[in-house]
Amino acid sequence: MSESVPGLAPEVFAPVEAPVSPPQASEEVEFVQLLTPEGERVEHPDFAFDLDDEAIKGFYRDMTIVRRIDTEATALQRQGELGLWASLLGQEAAQIGSGRALNAKDMVFPTYREHGVAYCQGVDPLNLLGLFRGVDQGAWDPRDNNFHLYTIVIGAQTLHATGYAMGQQRDHAVGDPDTGEATIAYFGDGASSQGDVNEAFIYASVFNAPVVFFCQNNQWAISEPIDRQTRIPLYQRAAGFGFPGVRVDGNDVLATYAVTQQALKRAREGSGPTLVEAYTYRMGAHTTSDDPTKYRLSEDLEYWKLKDPIERVKAYLARSAGVGQDFFAEVEAEADQVAAELRRGCLAMPDPTMTDFFQHAYVDMPDELAVQRDQYAAYAASFGADSEGEG
Amino acid sequence: MTKISLGKGINKGLRAAMENDSKVLVMGEDIGKLGGVFRVTEGLQKDFGEDRVIDTPLAESGIIGTAVGLALRGYRPVCEIQFDGFVFPAYDQIINQVAKMHYRSMGKLRMPIVIRIPFGGGIGAVEHHSESPETLFAHVAGLKVVACGDPVDAYWMIQQAISSDDPVIFFEPKRRYHEKAELDESVPPAYPLHQAKVVREGTDATLFCYGPMVKTCLQAAEAAVEDGRDLEVVDLRTISPLDLRTIFDSVKKTRRAVVVHEAPYSLGPGSEIAARVTEECFYHLEAPVLRVTGYDTPYPPSRMEEEYLPDLDRVLDGVDRVMGY
Ligand SMILES: Cc1ncc(C[n+]2csc(CCOP(=O)(O)OP(=O)(O)O)c2C)c(N)n1
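Owing to the predicted nature of the structure, the values given are computational and were not obtained by experimental measurement.

Definitions and limits used
- Residues numbered from 1 in each chain as written.
- Chains lettered and ligands numbered in written order.
- Predicted model: local features only at pLDDT ≥ 70, side-chain atom pairs only at ≥ 80, totals over all residues.
- Heavy atoms only, no water.
- UniProt positions renumbered as here; feature names shortened; annotations may be inferred.
- Helix = DSSP H or I, 4+ residues; strand = E, 2+ residues; numbered from the N terminus.
- Axes fitted to C-alpha atoms, helices over the stretch in contact; angles between N-to-C directions.
- Parallel < 35°, antiparallel > 145°, perpendicular 65-115°, else oblique.
- Left-handed = near helix turned anticlockwise from the far one by under 90°.
- Contact = heavy atoms within 4.5 Å.
- Nonpolar A, V, L, I, M, F, W, Y, C, P; charged D, E, K, R; others polar.
- Domains from an automatic or database assignment.
- Expected span 1.5 Å × (residues − 1).
- Buried < 20%, exposed > 50% of the residue type's maximum accessible area, 1.4 Å probe, protein only.
- Pairing = 2+ DSSP bridges.
- Salt bridge = Lys/Arg side-chain N within 4 Å of Asp/Glu carboxyl O.
- Polar contact = N/O pair within 3.5 Å; in protein donor to acceptor, adjacent residues only side chain to side chain.
- Near = heavy atom within 4 Å.
- Areas by Shrake-Rupley, 256 points an atom, 1.4 Å probe, with all protein chains shown as cover.
- Disulfide = S-S within 2.5 Å.
- Core = buried A, V, L, I, M, F, W, Y, C linked by side-chain atoms within 4.5 Å.

A.B. asks: Sorry if this is basic, but what is going on with the UniProt feature "domain: Dehydrogenase E1 component" (unreviewed entry) in chain A here?
C.D. replies: Cross-referencing UniProt, the feature "domain: Dehydrogenase E1 component" (unreviewed entry) maps to residues 61-336 of chain A in the present numbering. In the segment residues 61-336 of chain A, helix accounts for 46% and strand for 11%; the C-alpha atoms at its two ends are 12 Å apart.

In structure tokens form, the structure reads like this:
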């Protein structure tokens, strides 16, 4: 039964459907799925997975390594080596599937949690730690990897992505589904409430910008459940802005790949934006500072563990693709290696010097700031050569 | 040589910048067919097309946020904010994204964005149309903040702002849009973007001002001649960074200073100038540095704006006080 808005006369206002509840273990959500949680391949009338089992092995490897990076970073935070870490646990399929659908010339605008996409774009995992360790704000060069800096202000990057896509248009880099360029913006379900995200939808729509909005609906914005952000499924919002929206099983790497690939193709060929809602679940805490036991049911977590994005690929590979145990062992060993390097690199990361931070406030440094930099340097030096960089 | 208005100076400057560099884009609300509510972008869309002179949706954060993306793509967007009071929906994008991108990327990325804001009062407008928010931008590291005060400066400064690799907040004194002066485009600009200029030499005290107050201060200096006072007038032109050298040189010469702006009194540019002059020129001063400014209230309804805005009498009163020590 539909329900009227509390306090508003139902005869004046059209009835609004009941709000979307937080994830219920029993609830079945409509979405594009190509691999079930049990590891069975299924077909979808509109989306096909066009790669072979070798590629699926690659996805498995990517997801396993990225989860290992994430676990190692969480451990480093616990040991005091990072100030904070935002874990992607449970979102590996959404990130690897969409990340692997990108072409070399496509551009990515992430939030602060896109470690998997960063990995796909070739960003050194060690560089992801700097922001969280507090030595920099993103040490990679966005131009080398077509992967923009992490954005902490919720939703801000969706406008940057849209503007960048408008630039691709103006550079005549759009028009061919294979060689054209596209941009992808990542954001969360909480971000969907931000003005910037809604403005980005409008700009992208009216300018027909080649941008894919990739929302990882992990059900939670820190402690706020999805029904505090929306009363309709998020992908349906796109229709109101005038472009297609599609919901995909965010824990199914085959489906996220296929759906993102199609959305990117649309963008590259000049057909404009798409909103992809990857329906997933944040299995870990929001960040290492968060305590989800205060607001979340443990049954929900148990339910979602059964939908683990990595386990289902493993089940498929082992049961249907005849992949042997040594492949999985190999991947594990490689993941351990990556984690060990990450740890070593993190511990060896030098503190920057304050002088660097004076240097980069402006391209053309004002004289006054140069004076402040020199005053700082003189003050620091007054403690003697030994004390520089300590403290 | 042609006589042009300040608004036309900016228009011509924009046109020149767009002709010189195909990466320069102009974007904002109503800037295309209409040419902007002050007609500053008049004719640009007709000549440069809709892809370079972009009529945007009515969404300020969107204007600046998409400009960030365009800048990352290699463009040089010039954004128009329709009126001073409407910049705030974009404030987050300006201070957290535009201002900090170079810093966050440790120098790898640049934001060559100009944000044009018609500012200040005196045109009898309704609320949110007469404000002077320059301090709110000048306090933000990574931004450069300038204001033009005459048509010739308007023409050159907008071009200099566009060629700056740092983001520039470009304040335009809206009540001076129709002030006219001779412009000779073949004479290169006499001043770099971040240099103050002595617009009137004097010996008894210095009036520091910018934007709409330049004319007011020049008139005050003329009027002060009757009282036998020879005032120097310095058009700051740049609010961040302040051109401290020119400020100190003038104070050392005249030994007295009055800072005049429409922005509120407390913690405004005048406060900073007073503090700097005290730190650097203490022994040269014959009097404390005084401020003649707007008040620490919201901008009042237009029937009261004559009371709120520094005018000839208030400036001269400030001069009297500074001479009285
Ligand atoms: C504008 C803004 N407001 C608040 C915050 C603090 N904050 C950080 S993450 C977060 C929740 C974001 O939720 P969502 O968009 O769903 O992304 P998720 O972290 O779940 O992936 C909040 C409120 C912020 N970073 N930016």
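This is not the end of the story, as more comes after the structure.
A.B. asks: What's the story with the packing of helix α2 (residues 92-100) of chain A against helix α9 (residues 253-269) of chain A in this structure? I'm lost.
C.D. replies: Each pair of packed helices gets described by two things: the angle between the helix axes and the distance between those axes. All names here are of chain A. Orientation of α2 relative to α9, taken along the N-to-C sense of each, is 40°, at an axis distance of 7 Å. As judged from the angle between their axes, α2 and α9 are oblique. For the pair α2 and α9, the sense of crossing is right-handed. Residues Ala93, Ala94, Ile96, Gly97, Ser98 and Arg100 of α2 pack against Val253, Thr256, Tyr257 and Thr260 of α9. Of the residues assigned to the contact of α2 with α9, the class counts are five nonpolar, four polar and one charged.

A.B. asks: I'm lost on the domain arrangement of chain A in this one. Help?
C.D. replies: Frequently, the measure chosen for interface size is the accessible area removed from exposure when the parts meet. Domain boundaries in chain A define domain 1 (53-347) and domain 2 (354-389). Using only C-alpha atoms to locate each centre, domain 1 of chain A and domain 2 of chain A end up separated by 38 Å.

A.B. asks: I tried to follow helix α6 (residues 156-170) of chain A on my own but got confused; where do I start?
C.D. replies: Side chains three or four residues apart in an α-helix point the same way, a direct result of the helix having 3.6 residues per turn. All names here are of chain A. The end-to-end C-alpha distance of α6 is 22 Å, a good match for the 21 Å that 15 residues give at a rise of 1.5 Å each. Of all 15 residues in α6, 14 are buried, a share of seventy percent or more. Phi turns positive one or two residues past the end of α6, at histidine 172, with a value near 55°.

A.B. asks: Could you clarify how one ought to interpret the packing of α6 of chain A against helix α7 (residues 195-207) of chain A in this entry?
C.D. replies: All names here are of chain A. It is at 7 Å that the axes of α6 and α7 come closest, and there the two elements cross at 15°. Classified by the interaxial angle, the pair formed by α6 and α7 is roughly parallel. α6 and α7 meet at a crossing whose hand is left-handed. Of the residues in α7, those touching α6 at Ala156, Thr158, Leu159, Thr162, Met166 and Gln169 are Asp196, Val197, Glu199, Ala200, Tyr203, Ala204 and Phe207. The residue makeup of the contact of α6 with α7, split by class, is eight nonpolar, three polar and two charged.

A.B. asks: I'm lost on the sheet that holds strand β2 (residues 24-28) of chain B in this one. Help?
C.D. replies: Sheet strands associate in pairs through backbone hydrogen bonding, adopting either a parallel or an antiparallel arrangement. All names here are of chain B. Judged by pairing direction, the sheet is mixed, and its seven strands sit side by side in the order β3-β2-β4-β5-β7-β6-β12 without closing on themselves. Every interior strand has two partners, whereas the edge strands, β3 (53-55) and β12 (238-240), have only one. Strand-to-strand, the axes of this sheet are offset by a mean angle of 20°, without reference to chain direction. Two elements, β2 and β3, share three bridges in a ladder whose sense is parallel. Bridge assignment links glycine 28 to a residue of β3, and that residue is aspartate 55. Taken strand by strand, helix α7 (residues 151-163) contacts β2, β4 (76-80), β5 (114-119), β6 (144-147) and β7 (168-173), and its axis lies near 165° from that of β7.

A.B. asks: Got a minute to help me understand the interface of chain B and chain A in this structure?
C.D. replies: On the chain A side, the residues contacting the 46 residues of chain B number 42 residues. Applying the counting criterion to the chain B and chain A interface returns six salt bridges. Across the salt bridge formed by arginine 276 of chain B and glutamate 368 of chain A, the nearest N and O atoms sit 3.2 Å from each other. Taken together, chain B and chain A are joined by 25 residue pairs in polar contact (both at pLDDT 80 or more). Listed by contribution, the elements that provide at least two residues to the side of chain B that touches chain A are β3, α3 (60-72), α4 (91-98) and α5 (101-104) of chain B. Considering each element in turn, the side of chain B that touches chain A owes the most residues, ten residues, to α3 of chain B. Among the residues making up the side of chain B that touches chain A, the classes are represented as 18 nonpolar, 14 polar and 14 charged.

A.B. asks: Can you help me understand the site of the ligand in this one?
C.D. replies: Residue and element names in this part refer to chain A. If you check the shell around the ligand, you find 15 residues, and the closest are Tyr112, Arg113, Gly190, Ala191 and Trp220. Within the side chain of tyrosine 112, an N or O atom sits 2.6 Å from an oxygen atom of the ligand. Within the backbone of alanine 191, an N or O atom sits 2.9 Å from an oxygen atom of the ligand. Considered on its own, the ligand offers 580 Å² of accessible surface; in the complex 71% of this is hidden by protein. The class makeup of the residues in the shell around the ligand is eight nonpolar, five polar and two charged.

A.B. asks: Just to check I follow, could you spell out the state of the cysteines for this structure?
C.D. replies: Such a bond, covalent and formed between the sulfur atoms of two cysteines, is termed a disulfide. Under the criterion given, the structure shown has zero disulfides over all chains. Summary of cysteine pairing: cysteine 215 of chain A is not part of a disulfide, and the nearest cysteine sulfur, belonging to cysteine 120 of chain A, is at 18 Å. Using a relative accessible area of 2% as the deciding quantity, one classes cysteine 215 of chain A as buried. Considering cysteine sulfurs only, cysteine 209 of chain B is the nearest to cysteine 281 of chain B, which forms no disulfide, with 18 Å between them.

A.B. asks: Got a minute to help me understand the nonpolar core in this structure?
C.D. replies: Within soluble globular proteins, side chains that are nonpolar generally end up buried alongside one another. Of all hydrophobic cores here, the largest spans 148 residues; its most connected members are Phe213 of chain A together with Ile94 and Phe137 of chain B. The contacts of phenylalanine 213 of chain A, once residues within four sequence positions are left out, are Thr158, Thr162, Ala185, Phe187, Ala200, Phe201, Ala204, Phe243, Pro273, Thr274, Leu275 and Val276 of chain A. Among the nonpolar cores identified, the runner-up in size contains 25 residues, and Ala17, Phe48, Ala154 and Leu193 of chain B belong to it.

A.B. asks: Where do I start with the environment of phenylalanine 241 of chain A in this structure?
C.D. replies: All names here are of chain A. One can find phenylalanine 241 in helix α8 (residues 237-241). Here the alpha-carbon distance between phenylalanine 241 and threonine 162, two residues 79 residues apart in the chain, equals 14 Å. The residues contacting phenylalanine 241, other than those within four sequence positions of it, are Asn198, Phe201, Ile202 and Ser205.

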